[in-house]
Amino acid sequence: MTHLSTTGLAVEIGGRTIVSGVDLDVPRGSMLALVGRNGSGKSTLIRSLVGLRPPAAGTVHVDGVDLARLSSRRRATRVAYVAQEDGPPEDLLVGEMVAMGRTPHRPPWAVDERSERELVLEALRHVGMAAKVDRPCQHLSGGERRRVMLARGIAQGCDLLVLDEPTNHLDVHHQDQLLQTVRRLGCTVVAAVHDLSLAAAHFDAVAVLHDGALHALGRPRDVLTPELVRDVFDVGARHLTDPVTGRVHLVLGAGAPPVPAPREAVL
Ligand SMILES: Nc1ncnc2c1ncn2[C@@H]1O[C@H](COP(=O)(O)OP(=O)(O)OP(=O)(O)O)[C@@H](O)[C@H]1O
């Protein structure tokens, strides 16, 4: 399994600093959720974590190796990345799409082998899509496309998975299933997610990006406080204790407790 860390990571686009001063430490086999408002820099940070945007300052280390020193082929054997709006080209079959994840492992001009097809099928089984291996991608729904793209990332066979909004387009069942699947893989995971409840339920740690800076980092229950949610997301929130399980839940959109109505004057 892979250990990911960044030190003083900054990313610029067109001379504008988008992300700065990000120190992350993601232990082997743990799952980190990256949350923040639209435009806070999550995708930019993620692209830098996978080596697609070179840092303007700072470093990204994967198992102690500076990512910037690896060739793109070597990087692709260490980090699998599933982008936010990555969709399979319509004229490919599902299996062909997922097989593209195997490219870094194949010698040039290698012909497809039986074991490669088995790896593709296994990746598709993880996301419940093996039955559609020979279907054209254009016949898939939006949620099925997301699952096939995750299967491609799984087929890449890396111990580090970096996912940009993996639960987009998925219904609640498949959101839950997908994150459970990712957990079962046992990989080190960094994923941008918008749903704070999913972040709290499925991830070991949460990093909150705000205006391109790391605003908070820690266990979900320590980080996702009503105060932070109000400050960062400008949404009212409250903690409520589940009367059955005793677990504390964050309720969003719930402002401060209503002020009691003034009692009627008793004449
Ligand atoms: N290629 C680009 N060229 C110019 N500006 C960019 C580019 N990519 C991102 N930005 C800017 O960087 C900032 C951060 O964008 P980014 O996509 O990283 O945010 P995000 O947190 O992932 O947002 P969202 O939740 O909406 O996906 C935004 O102001 C965006 O306009």
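Conventions and cut-offs
- Residues numbered from 1 in each chain as written.
- Predicted model: local features only at pLDDT ≥ 70, side-chain atom pairs only at ≥ 80, totals over all residues.
- Heavy atoms only, no water.
- Axes fitted to C-alpha atoms, helices over the stretch in contact; angles between N-to-C directions.
- Helix = DSSP H or I, 4+ residues; strand = E, 2+ residues; numbered from the N terminus.
- Parallel < 35°, antiparallel > 145°, perpendicular 65-115°, else oblique.
- Contact = heavy atoms within 4.5 Å.
- Nonpolar A, V, L, I, M, F, W, Y, C, P; charged D, E, K, R; others polar.
- 1 Å grid on protein atoms, 1.4 Å probe; cavity = no way out; pocket = protein on both sides within 12 Å on 5 of 7 lines; lining within 4 Å.
- Points joined across faces, edges and corners; volume = space filled by probe spheres on them.
- Domains from an automatic or database assignment.
- Polar contact = N/O pair within 3.5 Å; in protein donor to acceptor, adjacent residues only side chain to side chain.
- Buried < 20%, exposed > 50% of the residue type's maximum accessible area, 1.4 Å probe, protein only.
- Pairing = 2+ DSSP bridges.
- Near = heavy atom within 4 Å.
- Areas by Shrake-Rupley, 256 points an atom, 1.4 Å probe, with all protein chains shown as cover.

Novice: Is there a simple way to think about the packing of helix α5 (residues 142-155) against helix α6 (residues 172-185) in this case?
Specialist: Angle between the axes and distance between the axes: these two values describe a pair of packed helices. Orientation of α5 relative to α6, taken along the N-to-C sense of each, is 5 degrees, at an axis distance of 12 Å. Classified by the angle their axes make, α5 and α6 are roughly parallel. On the side of α5, the interface is formed by Arg-147, Leu-150 and Ile-154, while α6 contributes His-174, Leu-178, Val-182 and Leu-185. Residues belonging to the contact of α5 with α6 are distributed by class as follows: five nonpolar, one polar and one charged.

Novice: Help me out: how do you make sense of the layout of surface pockets in this one?
Specialist: Sizing a probe to match a water molecule and rolling it over the atoms shows the empty space that remains. When its volume is computed, the largest pocket comes out at roughly 450 Å³. Elements represented by at least two residues in the lining of the largest pocket include exactly α7 (196-202), α8 (220-223) and β12 (248-252). Residue-level mapping places the lining of the largest pocket at the junction of two domains, with at least three residues from each of domain 1 (4-224) and domain 2 (226-267). Taken together, 15 residues make up the lining of the second largest pocket; nearest its centre are Leu-52, Ala-76, Val-79, Tyr-81 and Gln-156. Of all the secondary structure elements, the ones that give two or more residues to the lining of the second largest pocket are α2 (72-78), β6 (79-82) and α5. In terms of residue count, α2 provides more of the lining of the second largest pocket than any other element does, four residues in total. Class assignment of the residues belonging to the lining of the second largest pocket gives a composition of seven nonpolar, four polar and four charged.

Novice: For this particular structure, what's the right way to read the side chain of Ser-30?
Specialist: Note that Ser-30 resides in the loop between β2 (16-26) and β3 (31-35). A polar side-chain atom of Ser-30 sits 2.8 Å from the main-chain carbonyl oxygen of Pro-27. Once residues lying within four places of it in the same chain are set aside, the contact partners of Ser-30 are Cys-187, Thr-188, Val-189 and Asp-204.

Novice: What should I look at first to understand helix α1 (residues 42-49) in this one?
Specialist: Note: α-helices contain 3.6 residues per turn, so residues at a spacing of three or four share the same orientation. Burial runs high along α1: six of the eight residues are buried. All of the buried residues along α1 are Lys-42, Thr-44, Leu-45, Ile-46, Ser-48 and Leu-49. One or two residues past the end of α1 sits Gly-51, with phi positive at roughly 85 degrees.

Novice: Is there a simple way to think about the sheet that holds strand β4 (residues 57-62) in this case?
Specialist: Backbone hydrogen bonds hold the strands of a sheet together, and the pairing may be parallel or antiparallel. The four strands are arranged β2-β1-β4-β5 in an open sheet whose pairing can be described as antiparallel. Looking at the sheet topology across the chains shown, the edges are occupied by β2 and β5 (65-66). With seven bridges joining them, strand β1 (residues 4-13) and β2 adopt antiparallel strand pairing. Looking across to β2, one finds that Glu-12 is bridged to Thr-17. Against the sheet, α1 makes contact with β1, β2 and β4, and its axis sits at roughly 120 degrees relative to β1, the strand it touches most.

Novice: Would you mind going over the site of the ligand with me for this structure?
Specialist: In the vicinity of the ligand there are 15 residues, among which Asn-38, Gly-39, Lys-42, Ser-43 and Thr-44 approach most closely. Between the ligand and the protein, one listed contact pairs an oxygen atom with a backbone N or O atom of Ser-43 at 2.9 Å. Look at the ligand: alone it shows 640 Å² of surface, and the protein chains cover 63% of it. Those elements that provide at least two residues to the shell around the ligand are β2 and α1. Ranked by residue count, the leading element in the shell around the ligand is α1, at three residues. When the residues that make up the shell around the ligand are grouped by side-chain class, the tally is two nonpolar, eight polar and five charged.

Novice: So what exactly am I meant to see when it comes to unusual backbone geometry here?
Specialist: Most peptide bonds take the trans configuration, and most residues that are not glycine carry a negative phi. Although it is not a glycine, Asp-63 adopts a positive phi angle of roughly 50 degrees. For Asp-63, the location among the structural elements is in the loop between β4 and β5. Positive phi values are uncommon outside glycine, yet His-169 reaches one of about 75 degrees. Assignment of secondary structure puts His-169 in the loop between β7 (160-164) and α6. For His-169, a relative accessible area of 53% translates into the label exposed.

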